[in-house]
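# Overview (structure and organization)
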Amino acid sequence: MAGDYNIDIRSLYEAWATSQGLEKWFLRKADFFTIPRRLREPDEFILKEDVYEWYWHGYCEDNFEKGEILEANGTDFLKFTFSAGSIVSVNMSSRNGITLVELTQENIPEESDPSKNLFVQCQVGWTFYLANLKSVIEGGIDLRNKKLEVNSNFK
């Protein structure tokens, strides 16, 4: 999955690799913890071996994702664990004045029940969030539903 953004790589990396950045377009709350379990500051870059707790808009505090940062090079690449043991890689590059983001999710478990199919759910989710990132970072509006009382797939 890929997207193009009219912004420099450094700003895009900050949107992916800091709590403050992720909360602008993806998460309600993004907590990253260092190995000694220190909570990173909102504008502090994540590092390899950090662990995270992510919370989405529209969901209670007891509904969150936990994972680990597998790689974070500080400039244009990160990799982290995600739902059901899958691994997400985010690679950023610049071509002809446009910054590109290539997102790959691997090790997605097979599921025959369409309502539980993580491949389909994540594909739809990432498509929405990458579009929201483009909207937010290029000066548009935040497309997320932030109301707990309004049922929506994209929060």
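In what follows, the structure referred to is the one given above.
Residues numbered from 1 in each chain as written. Predicted model: local features only at pLDDT ≥ 70, side-chain atom pairs only at ≥ 80, totals over all residues. Heavy atoms only, no water.

The next thing to look at is the layout of surface pockets. Put simply, the second largest pocket is a space of about 170 Å³. Forming the walls of the second largest pocket are Ser11, Glu14, Ala15, Thr18, Gln20, Gly21, Lys24, Trp25, Asp43, Leu133, Val136 and Ile137. In terms of residue count, helix H2 (residues 19–25) provides more of the lining of the second largest pocket than any other element does, four residues in total. Looking at the lining of the second largest pocket residue by residue, the classes come out as five nonpolar, four polar and three charged. (1 Å grid on protein atoms, 1.4 Å probe; cavity = no way out; pocket = protein on both sides within 12 Å on 5 of 7 lines; lining within 4 Å. Points joined across faces, edges and corners; volume = space filled by probe spheres on them. Helix = DSSP H or I, 4+ residues; strand = E, 2+ residues; numbered from the N terminus. Nonpolar A, V, L, I, M, F, W, Y, C, P; charged D, E, K, R; others polar.)

The next point concerns the pairing of strand E1 (residues 2–5). Only one face of E1 is buried: it carries Gly3 and Tyr5, and the other face, with Ala2 and Asp4, is open. Sheet topology places E1 next to strand E7 (residues 98–106); four bridges connect them, and they run antiparallel. Opposite Gly3, over in E7, you have Val101 as the bridge partner. (Buried < 20%, exposed > 50% of the residue type's maximum accessible area, 1.4 Å probe, protein only. Pairing = 2+ DSSP bridges.)

Right, let's talk about empty space enclosed by the protein for a bit. Inspection of the entire model under this criterion finds one cavity of 30 Å³ or more. The computed volume of the largest cavity comes to approximately 40 Å³. Lining the largest cavity, in full, are Trp16, Leu22, Phe32, Ile46, Trp54, Ile69, Leu78 and Phe80. Of the residues contributing to the lining of the largest cavity, the split by class is eight nonpolar, no polar and no charged.

The next point concerns the nonpolar core. The biggest cluster of nonpolar side chains holds 34 residues, and the ones touching the most others in it are Trp16, Trp54 and Phe80. Among the elements that take part in this core, helix H3 (residues 118–137) stands out by supplying seven residues, more than any other. Discounting chain neighbours no more than four positions away, the residues touching Phe80 are Tyr52, Trp54, Glu68, Ile69, Leu70, Ser86, Ile87, Val88, Val90 and Trp126. (Core = buried A, V, L, I, M, F, W, Y, C linked by side-chain atoms within 4.5 Å. Contact = heavy atoms within 4.5 Å.)

Turning to helix H1 (residues 9–17), a few remarks are in order. Buried residues of H1: Leu12, Tyr13, Ala15, Trp16 and Ala17, and no others. N-capping of H1 is provided by Asp8, with a side-chain oxygen placed 3.3 Å from the backbone N of Arg10. (Polar contact = N/O pair within 3.5 Å; in protein donor to acceptor, adjacent residues only side chain to side chain.)

Note: strands within a sheet are paired through backbone hydrogen bonds, in either parallel or antiparallel orientation. Within the open sheet, the seven strands sit side by side as E1-E7-E6-E5-E4-E3-E2. Their pairing is antiparallel. Two strands lie at the open edges of the sheet, namely E1 and strand E2 (29–33), each paired on one side alone. Geometrically, the sheet is characterised by an average inter-axis angle of 25 degrees between neighbouring strands, direction not taken into account. Across five bridges, strand E3 (residues 51–55) lies against strand E4 (residues 64–72) in antiparallel orientation. Within E4, the position partnered with Val51 by the bridge is Glu68. Sheet contacts for H1: E1, E4, strand E5 (77–81), strand E6 (87–95) and E7; angle to E6, the most-contacted strand, approximately 165 degrees. (Axes fitted to C-alpha atoms, helices over the stretch in contact; angles between N-to-C directions.)

For Leu133, the location among the structural elements is in helix H3. The sequence separation of Leu133 and Gly21 amounts to 112 residues, and the corresponding C-alpha distance is 9.9 Å. Those residues in contact with Leu133, other than ones at most four positions away along the chain, are Tyr5, Leu12, Ala15, Trp16 and Trp25.

Honestly, it's all geometry; don't read function into it.
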